[in-house]
Amino acid sequence: MRICTSIAESETENVLRYSQRAEELGTDLIEIRFDYMKELPEDMEVFDEIEVPMIATLRTKEQGGEYSRDKTLIRGFLLLAALEGFSYLDIDESSNILKAIREEVVGTHIICSHHDFESTPSSDDIVDIVDRCARKGDLAKAAFRVQSLKDLRSIFEGGKVLSNKELNFVLIGMGALGTLTRIFADRIGSSFTYCAAREEKTTAAGQLDLETMKRLEGEKIVTGITGYPLSHSMSPPIMNAAFEDLSLPGIYLALPSKDDELEVLTDLIRDLNIRGLNVTIPHKERIIPLLDRLDESAEKVGAVNTVVNRSGELVGSNTDVIGIEETFKRAGVDAEGKKSLIIGAGGAARSCAVFLSDHGADMFVYNRTRSNAETLAEDFSGLTVAEEDELDGHDFEVIVNCTPVGMKGFPDKVPIPTSLLRKDQMVMDMVYNPPRTRLLREADKAGAMAYSGMNMLIHQAIAGFEKWTGKSPDYEVMAGALRRELE
Ligand code: NAP
């Protein structure tokens, strides 16, 4: 796939510096966004030193660009760029100078571009728009705001139809979900894909930087996380830090999906050969009927937090149990025979019950809604349901909080009476934001061994990463990325 690096700098000196860097990194084309420059350069010969084909773009504010000065200068400027050897002029479909410039230039191609910053139309409409732009220019460029997986599907479907039409086009999805259209531009049939010269200077949401795009050339490991909403997820920085550290051609994306989009998502995973996915609230159980099979861990927990794509076969797995197991190993605690209290009765509590029951612990569960604790107890023989007032008098060697109590945005409370905390006890909080919850601070005070959910989060991430890539990431690299996010 050919890569076009978009240069959005205010000074000519920086345009040249980042163009040269992009050439060194192997860009195929360079787009100079003249609308980002403080002044329109008078001396266009300075750009002669750029050897790859160049695109000149001067987009007005009304067209979604940055140019807000004298509009009568645009036509003359673009004609000058053509004379100076720019291979392409990018002109908005709505521009009244498009037709005249196309008739005037010789040897320079016109990119007729269409931008919809609000929405993505149906795949049929996408095809019509690209068809129309292709007639008005030599290459059609259409960019749409992608707000859902259904929008994303429309772009890939539109691309499939357009690929059979022998048109030159570039089709882009803008926004975080649209990143997939940039990575898989060849699957859409685009002539090239756009990226930014540097991470902090992207010209469109969801655009990646050149170094990342080069890393993803050829065979790539695309992974991500789904759930809804996903704004709180710490997984993308953790996983991407690991990909970078291991110099792997991989990326981890946030792929939020609403309930009725899960099937679109699993279709996309198969179609695009997305290597795997983490699954979080509220889809851990809902995704199960859409998978081909579950492994033993997911069967036992009855929920999936990791999907592995084995050549089209989607296998559901649950690495939360590994995350808990590794935290116990870190603490040097063997759960066998230990009197243990699980707080909560949701999905995370279920993973904890699997771990503790596999290791022969003596399990108790305490939950806000007793009936949910009873449902959990039905699946785990030997698990005793307790009311809060029944907890007094018990001496627990292990306590695991599997509720969001203490998490940022929730009341800063301890989910059990602090009288239950004591010296040499293991206290694990699945909450990782903040890293030291009130429960852990109280446990510290009581002389217990207090473990944050950070350990579990990273160990479950390591297990997923290994399943997708066959490589073991470094714990400290991931922990460092998580700490930076939590700061
Ligand atoms: P879930 O399935 O929604 O279950 C939530 C549980 O917490 C339920 O038992 C619920 O009680 C209880 N709960 C919710 N709000 C409460 C409140 N205000 N006071 C008392 N109890 C409350 O969620 P989950 O997937 O099990 O996740 C639970 C927590 O674990 C979350 O904070 C999640 O971020 C964390 N977690 C961390 C990791 C990690 O790697 N560190 C992994 C998985 C989960 P009811 O039955 O009464 O509704």
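Structure's up top.
Residues numbered from 1 in each chain as written. Predicted model: local features only at pLDDT ≥ 70, side-chain atom pairs only at ≥ 80, totals over all residues. Heavy atoms only, no water.

Draft legend 1. Up close: the sheet that holds strand E4 (residues 88-92). Read across the open sheet, the eight strands follow the order E7-E6-E5-E4-E3-E2-E1-E8; overall the sheet is parallel. In this open sheet, the two strands that pair with only one neighbour each are strand E7 (169-174) and strand E8 (192-196). Adjacent strand axes in the sheet meet at a mean angle of 25 degrees, parallel and antiparallel pairs treated alike. Contacting strand E5 (109-116), strand E6 (139-145) and E7, helix H4 (residues 123-136) crosses the sheet at an angle of about 145 degrees to E6. (Pairing = 2+ DSSP bridges. Helix = DSSP H or I, 4+ residues; strand = E, 2+ residues; numbered from the N terminus. Axes fitted to C-alpha atoms, helices over the stretch in contact; angles between N-to-C directions. Contact = heavy atoms within 4.5 Å.)

Draft legend 2. Structural view of the pairing of E6. Counted residue by residue, E6 has six buried out of seven residues, so it is predominantly covered. In terms of strand pairing, E5 meets E6 through six bridges, oriented parallel. Bridging from a neighbouring strand, Cys112 pairs with Ala140 of E6. Note that the unit made of E5, H4 and E6 has a crossover that is right-handed. Sheet analysis places E6 next to E7, joined by six bridges and oriented parallel. Bridging across to E7, Phe144 finds its partner in Gly173. (Buried < 20%, exposed > 50% of the residue type's maximum accessible area, 1.4 Å probe, protein only. Right-handed = clockwise from strand over helix to strand, strands pointing away.)

Draft legend 3. Representation of the nonpolar core. By size, the foremost hydrophobic cluster in this structure holds 82 residues, and its most contacted members are Phe34, Phe47, Leu78, Leu89 and Leu171. Excluding residues within four positions of it along the chain, Leu171 makes contact with Ile126, Val130, Ala142, Phe144, Ile155, Gly158, Gly159, Leu162, Ile188 and Ser190. Ranked by size, the runner-up nonpolar core spans 33 residues in total, among them Ala303, Ala335, Ala361 and Phe380. (Core = buried A, V, L, I, M, F, W, Y, C linked by side-chain atoms within 4.5 Å.)

Draft legend 4. Focus on the sheet that holds strand E20 (residues 449-451). Spatial ordering of the open sheet is given by E17-E16-E15-E18-E19-E20, a layout of six strands whose pairing is parallel. Bordering the open sheet on either side are strand E17 (384-386) and E20, each of which pairs with just one other strand. The average angle at which neighbouring strand axes cross in this sheet is 20 degrees, direction not considered. Note: strand E15 (residues 339-343) against strand E18 (residues 398-401), four bridges, orientation parallel. Bridge pairing links Ile343 to Asn401 in E18.

Keep in mind these numbers describe shape, not what the thing actually does.
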